[in-house]
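Here's the letter readout for the chains.
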Amino acid sequence: MVVYTRSRFEKKIDRTLNDNSIISFCPVIKSLKKWADRNKMIETPLFPSYVFVKVNASEQLKVKQVPGVINFVSHCGAPVILNDLEIERIRSIVDTYSEVELISIQNLNIGNKVKIKDGLLYNYQGVVTQIMGKAILMTIEQLNCVLTVKVNVDQICLNVAS
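The residue numbering used here restarts from 1 in each chain and proceeds along that chain's sequence as written. Owing to the predicted nature of the model, reporting of local features is limited to residues with pLDDT of at least 70; listing and counting of side-chain atom pairs is limited to 80 or more, with chain, interface and lining totals taken over all residues. Remark: hydrogens and water are excluded; side-chain values derive from all non-hydrogen atoms of the structure.

(A) Examining the nonpolar core more closely. For the purposes of this section, nonpolar cores are sets of buried Ala, Val, Leu, Ile, Met, Phe, Trp, Tyr and Cys residues that join through side-chain atoms within 4.5 Å. Relative accessibility decides the category of a residue: with a 1.4 Å probe and only protein chains considered, values under 20% of the type maximum give buried, values over 50% give exposed, and everything between is partly exposed. Within the largest apolar cluster, 15 residues are counted, with the highest numbers of intra-cluster contacts made by Leu17, Val53, Val55, Val63 and Phe72. Under the scheme used here, helices are H or I runs from DSSP no shorter than 4 residues and strands are E runs no shorter than 2 residues, and both carry numbers assigned from the N terminus. At the level of elements, helix 1 (10-19), strand 5 (50-54) and strand 6 (69-72) are the ones that each hand at least two residues to this core. Here, residues are in contact when the closest pair of their heavy atoms is within 4.5 Å. Among all residues touching Val55, those that are not within four sequence positions of it are Met1, Ile22, Gln60, Val63 and Phe72. Ranked by size, the runner-up nonpolar core spans 11 residues in total, among them Val128, Ile140, Ile156 and Leu158.

See the structure below:
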């Protein structure tokens, strides 16, 4: 199940749930934060305000009582439930890739410059020419010809500098 949390409470809630023997998962990404006087590696949640939990009906009340938990995420009146395979896929992505970025399909527009971060065309840059659900059509001009490819949104990085 997915729990909606107060802003910036994700890691704290994850620790509290694990301390109370409730299986939870808060995927985090590491990034280098630069201040004027120092650089520091920080961990930020991949999904802001969300923590994944594996609970039965009797443990749901315990989860809701943790400070910072707002409620379980629901869709059409039913709680959102992810299977173990989806959670393991997220865990694998976070463990395998050092540069993971969450891109909302709503933030993607035709004309955006993007870079492929996985698969056969890894590191190729292009321009979004069409958005088709969770896939995009992009044009790659790096090969002295125009190559149009269809890739999934989770395979790209947004706002690539020219």
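(B) The sheet that holds strand 5, seen in detail. One open sheet holds the 4 strands; their spatial order is 2-5-1-6, and the pairing between them is antiparallel. The strands lining the two open edges of the sheet, one partner per strand, are strand 2 (23-25) and strand 6. In this sheet, neighbouring strand axes are inclined to one another by 35 degrees on average, regardless of whether the strands run parallel or antiparallel. Whether two strands pair depends on DSSP finding at least two bridges between them. Direction of pairing for strand 1 (residues 2-5) relative to strand 6: antiparallel, over a ladder of 3 bridges. Across the sheet, the residue bridging to Val3 is Phe72, located in strand 6. Where helices are involved, their axes are fitted lines through C-alpha atoms of the stretch in contact, as for all axes, and angles between N-to-C directions lie from 0 to 180°. Each of strand 1, strand 2, strand 5 and strand 6 touches helix 1; the most contacted strand, strand 2, lies at about 160 degrees to it.

(C) The packing of aromatic side chains, seen in detail. Two rings from Phe, Tyr or Trp (for Trp, the six-membered ring) form a pair when their centres are within 6.5 Å of each other. A pair whose planes differ by under 30 degrees is stacked, one over 60 is edge-to-face, and the rest are tilted. As enumerated under the stated definition, the model contains 3 aromatic pairs in all. Ring plane angle 25 degrees and centroid distance 6.3 Å describe the contact between Phe25 and Phe52, whose orientation is recorded as stacked. With a gap of 27 residues between them, Phe25 in strand 2 and Phe52 in strand 5 connect regions that are remote in the sequence. Given a relative accessible area of 8%, Phe52 falls into the buried group. On the numbers, 5.6 Å between centres and 85 degrees between planes, the contact of Phe47 with Phe52 is edge-to-face.

(D) Structural context of the pattern of salt bridges. Whenever a carboxyl oxygen of Asp or Glu lies within 4 Å of a side-chain nitrogen of Lys or Arg, that contact is scored as a salt bridge. Throughout the structure, instances matching the rule amount to 3 salt bridges. With a closest N to O distance of 3.1 Å, Asp84 and Lys54 form a salt bridge. Taken together, the residues Asp84 in helix 3 (residues 84-96) and Lys54 in strand 5 connect sequence positions 30 residues apart. A relative accessible area of 48% places Lys54 in the partly exposed class.

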